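Residues per chain are reported as follows:
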Amino acid sequence: MTDEPQSLAQKRRPRRGTGRVTIADVARAAGMSMHTVSRVLNTPENVPKKTVALIREAIAKTGYVPNLLAGGLASGRSRLVAVIVPAISSPVFLETLQVLGDTLERHGYQMMLVQNAYDPAQEYRTLSNVLGRQPDGIVLMRLVITEEARHLLKSSRIPVIEAWDLCDNPVDMLIGFSHEASGAAVADFLQASGRSRPALILGDDPRASRRANSFRDAALRGGWLAPDMAEPVSVICKAPVPLGDSRKAMADILAREPKVDSVFCSTDIIAMGVLLEAAAHGRRVPEDIAVIGFGDHPLAAATTPALTTVRIDGSNIGARAGNYIVQRVEGRPVEQPIVDIGFQLIRRGSA
């Protein structure tokens, strides 16, 4: 027996099925029709403000959450964009992800973040699972690796953007820069600075390897290495490389090549560890050792000395990717589907 009014008890009684609060529940709570509730949910600007306020109050009281899947089936859109990153823990993509998410949000789309590294065996499975959730588009912060994955994405017939890289034959759209060109630019800079004993510390991901290989090729081609140095000394660490591991890598380089006079790092975090380890060994930066990072981390300008680094305009990538996806989903063409945004060598106190 209960003292509650029957109508209130009925509202609190577990419902059959999923137990999900429906539009009908909201309509009863507001004393309005289901049609009016639907109009407030979809086109509130066409409904009197007083009615909107009453229905939104009822939504808050009942805890109603719109069924986006049902709406997506009706409209043919999920309003969901999958964004695939090699490592969620990597800070290099944060600027891109923030701007991309904000851009999609302004257009009524949500970002679903998925982690998938550079393992070809996992790529197809991950993309299949993502496509099974019927996103309106996919943005990858890398190039597609396998032909099977390329065919899968092309067959999906949804907008696909590969970002943070360049290639001659993208799956669909491409927004990035040349890793090879950035590595060569750093080598040219060190040559112009009079350095002759360079070192490399990099994570074990393919893009860092491409930058390092390009740096090495440019150093050998330029003929500026010390006569007793066959090639730049290098240490490869498991990515993403924490600060402690980068310090160990720098200690290893100093033990192998005590006269090293410059270090190019595949991330700014690695470079920050190098700065700490160089100081611990009594090496002055940049007088004794020049240190260059990659990515222009938010803390790069605050290190001692401030870190010279390669800056990638992540905001540009994020804004373009978000707008391109929305344009294509809405049936509007993208005039420049392949964009090389370039890079900048930001010269600060460390080199």
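About the criteria used
- Residues numbered from 1 in each chain as written.
- Predicted model: local features only at pLDDT ≥ 70, side-chain atom pairs only at ≥ 80, totals over all residues.
- Heavy atoms only, no water.
- Axes fitted to C-alpha atoms, helices over the stretch in contact; angles between N-to-C directions.
- Helix = DSSP H or I, 4+ residues; strand = E, 2+ residues; numbered from the N terminus.
- Parallel < 35°, antiparallel > 145°, perpendicular 65-115°, else oblique.
- Contact = heavy atoms within 4.5 Å.
- Nonpolar A, V, L, I, M, F, W, Y, C, P; charged D, E, K, R; others polar.
- 1 Å grid on protein atoms, 1.4 Å probe; cavity = no way out; pocket = protein on both sides within 12 Å on 5 of 7 lines; lining within 4 Å.
- Points joined across faces, edges and corners; volume = space filled by probe spheres on them.
- Pairing = 2+ DSSP bridges.
- Salt bridge = Lys/Arg side-chain N within 4 Å of Asp/Glu carboxyl O.
- Buried < 20%, exposed > 50% of the residue type's maximum accessible area, 1.4 Å probe, protein only.
- Disulfide = S-S within 2.5 Å.
- Phe/Tyr/Trp six-rings, centres within 6.5 Å; stacked < 30°, edge-to-face > 60°.

Novice: Can you break down the packing of helix H2 (residues 23-30) against helix H3 (residues 34-42) residue by residue, with the values?
Specialist: Where H2 contacts H3, the two axes come as close as 8 Å, and the packing angle between them is 105°. Comparing their axes, H3 and H2 come out roughly perpendicular. Within the contact between the two elements, H2 uses Ile23, Ala24, Val26 and Ala27 and H3 uses Met34, Val37 and Leu41. When grouped by side-chain class, the residues that make up the contact of H2 with H3 number seven nonpolar, no polar and no charged.

Novice: Provide a residue-level description of the layout of surface pockets, including the pertinent values.
Specialist: Over the atoms rolls a probe the size of a water molecule, and its path tells where empty space is left. For the largest pocket, the calculated volume is near 710 Å³. As for the largest pocket, its lining consists of 36 residues, and the residues nearest its centre are Ser90, Pro91, Val92, Phe93 and Thr267. Breaking the lining of the largest pocket down by element, the ones donating at least two residues are helix H6 (94-106), helix H10 (206-222) and helix H12 (268-280).

Novice: Could you give an account of the sheet that holds strand S11 (residues 338-340), naming the residues involved and the relevant values?
Specialist: Ordered in space as S2-S1-S3-S4-S5-S11, the six strands form an open sheet in which the pairing is parallel. A strand with exactly one partner marks an edge of an open sheet, and here the two such strands are strand S2 (110-115) and S11. Strand-to-strand, the axes of this sheet are offset by a mean angle of 20°, without reference to chain direction. Sheet strands touched by helix H13 (residues 314-329): strand S1 (80-85), strand S3 (137-140), strand S4 (160-163), strand S5 (173-176) and S11. Its angle to S5, the strand with the most contacts, is close to 165°.

Novice: How would you sum up the sheet that holds strand S9 (residues 290-294)? Please name residues and give values.
Specialist: As summarised here, the arrangement of the six strands in space is S7-S6-S8-S9-S10-S12, forming an open sheet in which the pairing is mixed. Of all strands in the sheet, those bounded by a partner on one side alone are strand S7 (233-237) and strand S12 (344-346). Here the strands of the sheet are splayed against their neighbours by 15° on average, with no regard to which way each runs. Here five bridges tie strand S6 (residues 198-203) to S7, and the two strands are oriented parallel to one another.

Novice: Could you give an account of the pattern of salt bridges, with specific residues and numbers?
Specialist: Across all of its chains, the model carries 15 salt bridges by this definition. Arginine 197 is paired through a salt bridge with aspartate 228; the nearest N and O atoms lie 2.8 Å apart. Here aspartate 228 lies in the loop between H10 and S7 and arginine 197 lies in the loop between helix H9 (179-192) and S6, a separation of 31 residues in the sequence. Overall, the relative accessible area of 12% leaves arginine 197 in the buried class. Here aspartate 228 falls in the exposed class, since its relative accessible area comes to 56%. For the salt bridge of aspartate 296 with arginine 348, the shortest nitrogen-to-oxygen distance reads 3.1 Å. Of this pair, aspartate 296 sits in the loop between S9 and strand S10 (308-311) while arginine 348 sits in the segment after S12; the two residues are 52 residues apart in sequence, bridging distant segments of the chain. For aspartate 296, a relative accessible area of 15% corresponds to the buried category. Residues joined in a network through salt bridges with shared partners are Asp165, Glu180 and Arg210.

Novice: So, the state of the cysteines: which residues are in play, and what are the values?
Specialist: Under the criterion given, the structure shown has zero disulfides. No disulfide involves cysteine 237; its sulfur sits 9.6 Å from the nearest other cysteine sulfur, which is in cysteine 265.

Novice: Can you break down the packing of aromatic side chains residue by residue, with the values?
Specialist: Going through the model one piece at a time under the given rule, you end up with four aromatic pairs. Here the aromatic rings of phenylalanine 93 and tryptophan 164 are separated by 5.3 Å at their centres, their planes lie at 80°, and the arrangement is edge-to-face. You can see phenylalanine 93 sitting in the loop between S1 and H6 and its partner tryptophan 164 sitting in the loop between S4 and S5, a full 71 residues away along the chain. Judged on exposure class, the residue phenylalanine 93 and its partner tryptophan 164 are both buried. Judged by centre distance (5.8 Å) and plane angle (75°), the ring pair of tryptophan 164 and phenylalanine 177 falls under edge-to-face. Of this pair, tryptophan 164 sits in the loop between S4 and S5 while phenylalanine 177 sits in the loop between S5 and H9; the two residues are 13 residues apart in sequence, bridging distant segments of the chain. Pair check on accessibility: tryptophan 164 and phenylalanine 177 agree, each one buried.

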